[in-house]
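Inside the fold
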Amino acid sequence: MIPSVLPTYNRAPLEFVKGEGSWLVERDGRRFLDLGSGIAVNVLGHAHPDLVATLGEQAQKLWHVSNLYRIPEQERLADLLVEHTFADTVFFTNSGTEACELAVKMARKYWYEAGDPERVEIIASEGAFHGRSTAAIAAAGSEKMVKGFGPVLGGFTHLPWGDIAALRDAASDRTAAILIEPIQGEGGIRAMPDEDLRAIRAICDATGALLILDEVQCGMGRTGRLFAHEWAGITPDIMMVAKGIGGGFPLGAVLASEGAASGMTAGTHGSTYGGNPLGCAVGAKVVEIVAAPDFLAQVNARAGALRQKLEALVAAHPEVFEGVRGAGLMLGLVCKAPNTDVVRAGFDAQVITVPAADNVIRLLPPLNITEDEIATAVERLDAAATQIESALSSC
Ligand SMILES: *Cc1c(COP(=O)(O)O)cnc(C)c1O
């Protein structure tokens, strides 16, 4: 019999009933160190007092009015994002998938309004993840995501990850946009080198194609800058944001330059919930905290400490781990043992990690994780690796 919850997820048999900072408490009372943050969402950990207060205050005032009216909390969050990024304008969604939908529509509408309605091609990457709507699965293109769901939305080309020469060959005056994650998350914490991001920007400049960056997972302070592309010194034309921006409240956004957004006039797009007062009040508090230079400096310091300890962990367990990759507090441990076994052994040691493609486990801790918590987390990963080694030697 089908469960009352549609069984589309493979869930671990864990039931968390409370969160405090970097910790999650299981129903049985065990305390887990959370290096997953609900997949890069809880950037300030669980139950951050400022976010709890902001949500509570807004909940007392006003939850929802719809976008038929001005929403001051939405305007304030948009102003903050414009102030801190390349963007001139922002549309709010409830998720990364919806941000992908608008990014694709916006790029195509741009060329339509420019008198080039056939210019709809979008070049994306193999191994990408952009969400689960029909446009987002078409943008990712893998058989695993599109198979069985009928005609795939057309106009997407997929090139091998990081093949800049192939991108240069493929981009033409038919290319509406190039869509890329600066660091692939689901794809296995694969970071695009800064010089390659600059080369992609140059290809866009040469062909006129718009650059769409998907920073749903790597953005919002995760790499030690507010957005990952800042390290490369480039700017996109359109950027998808979600996950961390709500700190746990469902919130996403599309950020765009005035030019790229020029086709999106009144009536061309909308969302009932998108940009609602609750989400935007919380989002503004998250951006205020995360964008502060001191906070980002602290992320970089913690990231350095974590990475150093992980290098030592890998060296101590060569049968379990192969290496560390990623940037900031978006790190991947490339495994030799099956990554799902390592995640499970982590559960036994009360540390939470998230599997990804390429036999990687992802470490996406809250950005305000403390140094002591980092030390404890790596001790627990060490215990997990030791458990795997003893299982290996006993078979
Ligand atoms: C999670 C994710 C998405 C989709 O976001 P949802 O909020 O799950 O719809 C899109 N792009 C990237 C890079 C992601 O990591």
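Everything numeric here is computed off the predicted structure, so don't read it as measured data. (Residues numbered from 1 in each chain as written. Predicted model: local features only at pLDDT ≥ 70, side-chain atom pairs only at ≥ 80, totals over all residues. Heavy atoms only, no water.)

**Quick look at the nonpolar core**
Counted only if it meets this: Remark: nonpolar core denotes a set of buried residues (Ala, Val, Leu, Ile, Met, Phe, Trp, Tyr, Cys) joined through side-chain atoms within 4.5 Å. Type-normalised accessible area, obtained with a 1.4 Å probe on protein chains alone, sets the label of each residue: buried when under 20%, exposed when over 50%, and partly exposed for intermediate values. For the purposes of this description, domain bounds are those given by an automatic or database domain assignment. The contact criterion used is simple: two residues touch if any of their non-hydrogen atoms lie within 4.5 Å.
If you look at the biggest cluster of nonpolar residues, it comprises 87 residues, and the most contacted ones within it are Phe92, Met220, Leu255, Val290, Leu310, Phe321 and Leu333. A domain-level breakdown of this core finds at least three residues from each of domain 1 (16-34 + 293-393) and domain 2 (49-290). Leaving out residues up to four positions away in the same chain, leucine 333 has contacts with Leu310, Leu313, Val314, Phe321, Gly323, Val324, Asn359, Val360, Ile361, Leu363 and Leu381. Counting 26 residues, the second largest nonpolar core, distinct from the first, contains Ile212, Val216, Met240 and Ala242.

**Quick notes on the domain arrangement of the protein**
Accessible area lost during the coming together of the parts is what is often quoted as the interface size. Where we set the bar: Buried area is calculated as the accessible area (1.4 Å probe) missing from two parts once they are joined, with the contributions of both summed.
In terms of domain boundaries, the protein breaks down into domain 1 (16-34 + 293-393) and domain 2 (49-290). A separation of 28 Å is found between the C-alpha centroids of domain 1 and domain 2. On the domain 2 side, the residues contacting the 20 residues of domain 1 number 20 residues. Of the roughly 1600 Å² buried at the junction of domain 1 and domain 2 (both faces included), carbon and sulfur atoms supply 61%. By the criterion of area lost to domain 2, the three top residues of domain 1 are Leu296, Met330 and Arg362, representing 38% of everything that side buries.

**Concerning the side chain of glutamine 58**
Cut-off, in case you're wondering: Secondary structure follows DSSP: runs of H or I at least 4 residues long count as helices, runs of E at least 2 residues long count as strands, and numbering of each begins at the N terminus.
Checked against the element boundaries, glutamine 58 lands in helix α2 (residues 49-61). Look at glutamine 58 and you get buried, because its relative accessible area is 4%. If sequence neighbours within four positions are ignored, glutamine 58 has contacts with Trp63, Glu73, Pro277, Leu278 and Ala281.

**Observations regarding the sheet that holds strand β7 (residues 175-180)**
Condition: Note: two strands are recorded as paired if DSSP finds a minimum of 2 bridges between them. Where helices are involved, their axes are fitted lines through C-alpha atoms of the stretch in contact, as for all axes, and angles between N-to-C directions lie from 0 to 180°.
What the 7 strands build is an open sheet, ordered β4-β12-β11-β10-β7-β5-β6; its pairing is mixed. Only two strands of the sheet have a single neighbouring strand rather than two, namely β4 (89-93) and β6 (156-159). Going across the sheet, the axis of each strand differs from the next one's by a mean of 20°, ignoring polarity. Sheet analysis places strand β5 (residues 121-125) next to β6, joined by 4 bridges and oriented parallel. Along β6, the bridge assignment pairs isoleucine 123 with threonine 157.

**Let's talk about the sheet that holds strand β2 (residues 23-26)**
Reading across the sheet, the 4 strands line up as β1-β2-β3-β15 and stay open at both edges, with mixed pairing between neighbours. Unpaired on one side and paired on the other, β1 (16-20) and β15 (351-352) mark the two borders of the sheet. Across 3 bridges, β2 lies against strand β3 (residues 31-34) in antiparallel orientation. Following the sheet pairing, leucine 24 is matched in β3 by phenylalanine 32. On the sheet, helix α12 (residues 371-393) packs against β2, β3 and β15 and is oriented at approximately 105° with respect to β3.

**Observations regarding the site of the ligand**
Here is the rule: For this description, a residue counts as near a given molecule or strand if any of its non-hydrogen atoms is within 4 Å of it. N or O atoms within 3.5 Å of each other form a polar contact, as long as, within protein, one can give a hydrogen and the other can take it, and as long as residues adjacent in sequence are counted only when both atoms are side-chain atoms. Only the protein chains shown count as covering a residue, and every accessible area follows the Shrake-Rupley method with a 1.4 Å probe. Only Asp, Glu, Lys and Arg are considered charged in this grouping, and only Ala, Val, Leu, Ile, Met, Phe, Trp, Tyr, Cys and Pro are considered nonpolar; every other residue, Gly among them, is considered polar.
Every residue near the ligand is listed here: Ser95, Gly96, Thr97, Phe129, His130, Gly131, Glu181, Asp214, Val216, Gln217 and Lys243. The separation between a nitrogen atom of the ligand and a polar main-chain atom of phenylalanine 129 is 3.2 Å. One nitrogen or oxygen atom from the side chain of glutamine 217 is found 2.7 Å from an oxygen atom belonging to the ligand. Isolated, the ligand exposes 380 Å² of accessible area, and the fraction of that covered by the protein chains is 83%. The residue inventory of the shell around the ligand, partitioned by class, reads 2 nonpolar, 6 polar and 3 charged.

**Remarks on helix α4 (residues 96-113)**
Heads up, the rule is: Under the convention used throughout, the expected extent of a helix is 1.5 Å for every residue step, that is, one less than its residue count.
With 18 residues, α4 extends 25 Å between its outermost C-alpha atoms, agreeing within 8% with the 26 Å of an ideal straight helix rising 1.5 Å per residue. Within two residues after α4, glycine 115 carries a phi angle of roughly 85°, on the positive side.

**Describing the packing of aromatic side chains**
Put simply, the rule is: By convention, a stacked pair of Phe, Tyr or Trp rings (six-membered ring in the case of Trp) has centres within 6.5 Å and planes under 30 degrees apart, an edge-to-face pair has planes over 60 apart, and any other such pair is tilted.
Enumeration according to the criterion identifies 2 aromatic pairs in this entry. Consider the rings of phenylalanine 16 and phenylalanine 32, whose centres lie 5.3 Å apart with planes at 80°: the pair is edge-to-face. Here phenylalanine 16 is found in strand β1, whereas its partner phenylalanine 32 is found in strand β3, with 16 residues between them in sequence. Since its relative accessible area comes to 32%, phenylalanine 16 is described here as partly exposed.

**Points about helix α3 (residues 72-84)**
Heads up, the condition is: Picture the helix axis, draw a direction to every C-beta atom, and the arc is the one those directions span.
Taking 1.5 Å per residue, 13 residues should reach 18 Å; α3 reaches 18 Å between its end C-alpha atoms and fits that length. For α3, the complete set of buried residues consists of Glu73, Gln74, Leu77, Ala78, Leu80 and Leu81. One side of α3 carries all its buried residues, which in axial view fall inside an arc of 160°. Turned more than 90 degrees off the buried face of α3, the exposed positions are Pro72, Asp79 and Glu83.

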